[in-house]
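Spelled out from the first residue to the last, the chains are:
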Amino acid sequence: IGQLEEAEVFVDLAENGAEAVRMVRENDYDVVLMDMQMPVMDGYTAATRLRQQGLSVPIVALTAHAEQFSRQLYLDAGCTDYQQKQAGIQPLLVLVRRYLD
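The rules behind the values
Residues numbered from 1 in each chain as written. Predicted model: local features only at pLDDT ≥ 70, side-chain atom pairs only at ≥ 80, totals over all residues. Heavy atoms only, no water. Helix = DSSP H or I, 4+ residues; strand = E, 2+ residues; numbered from the N terminus. Buried < 20%, exposed > 50% of the residue type's maximum accessible area, 1.4 Å probe, protein only. Polar contact = N/O pair within 3.5 Å; in protein donor to acceptor, adjacent residues only side chain to side chain. Contact = heavy atoms within 4.5 Å. Core = buried A, V, L, I, M, F, W, Y, C linked by side-chain atoms within 4.5 Å. Pairing = 2+ DSSP bridges. Right-handed = clockwise from strand over helix to strand, strands pointing away. Salt bridge = Lys/Arg side-chain N within 4 Å of Asp/Glu carboxyl O.

**Considerations on the side chain of N16**
Alright, step 1. Along the polypeptide, N16 turns up in the loop between α1 (2-6) and α2 (17-26).
Alright, step 2. Residue N16 is classed as buried on the basis of its relative accessible area, which comes to 15%.
Alright, step 3. A polar side-chain atom of N16 sits 3.0 Å from the main-chain amide nitrogen of A18.
Alright, step 4. One polar contact links the side chain of N16 to the main-chain amide nitrogen of E19, over a distance of 2.8 Å.
Alright, step 5. Residue contacts for N16: discarding those within four places in its chain leaves M38, P39, V40 and M41.

**As for the nonpolar core**
A general trend in soluble globular proteins is that nonpolar side chains are found buried together.
Alright, step 1. Counting residues in each nonpolar core, the largest one holds 21 residues, and the members touching the most others are V32, M34, L50, L55, I59 and C79.
Alright, step 2. Here the element with the most residues in this core is α2; it accounts for 4 residues.
Alright, step 3. Ignoring sequence-local partners within four residues, the contact set of L50 consists of V21, V24, M34, L55 and I59.
Alright, step 4. In terms of nonpolar packing, the next biggest core, distinct from the first, is built from 7 residues, V9, V60, L62 and V96 among them.

**Here's the deal with unusual backbone geometry**
Alright, step 1. The backbone of V40 shows a phi angle near 70°, a positive value even though the residue is not glycine.
Alright, step 2. Looking at the element boundaries, V40 is found in the loop between β1 (32-35) and α3 (43-52).

**Observations regarding the pairing of β1**
Alright, step 1. Burial along β1 is one-sided: V32 and M34 are buried, and none of L33 and D35, which face the opposite way, are.
Alright, step 2. Bridging between β1 and strand β2 (residues 59-63) involves 4 bridges; their strand directions are parallel. From the neighbouring strand, D35 faces β2, where its bridge partner is L62.
Alright, step 3. Handedness of the crossover joining β1 and β2 through α3: right-handed.

**Overview of the pattern of salt bridges**
Alright, step 1. Taken as a whole and judged by the stated rule, the model has 4 salt bridges.
Alright, step 2. For R22, the salt bridge goes to E19, with nearest N and O atoms at 3.8 Å. In this pair, R22 and E19 both sit in helix α2, 3 residues apart, roughly one turn of the helix.
Alright, step 3. For E19, a relative accessible area of 22% puts it in the partly exposed group.
Alright, step 4. Linking R98 and D81 is a salt bridge whose minimum nitrogen-to-oxygen distance equals 3.7 Å. Here D81 lies in strand β3 (residues 81-84) and R98 lies in helix α5 (residues 89-100), a separation of 17 residues in the sequence.
Alright, step 5. Given the relative accessible area of 18%, D81 is considered buried.

**Here we look at the side chain of Q83**
Alright, step 1. Counting through the fold element by element, Q83 comes out in strand β3.
Alright, step 2. Under the relative-accessibility criterion, Q83 is labelled buried at 13%.
Alright, step 3. When near neighbours in sequence (up to four residues on either side) are disregarded, Q83 contacts V60, A61, L62, T63, P91, L92 and L95.

See below:
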């Protein structure tokens, strides 16, 4: 998170998927970075609920799994894109900037 903030990307952090859904409803975000494996409500369910509630901003799945079958699950849940956590900060910054520009 610190590296995102150093790149002048303002970040709010949710502890779980249910909190993420609430935060997105109550705030105006340009991009949502969604961890797909969270407690209480996973990222798949959270992304699906956000889309059902009319959210149109990009949702980027953050995941340790990026196999082809997983990619389709992210897209089916309403995610716009995905990024492997292991890829590091630089690819994530490039992806976020693409959606912010």
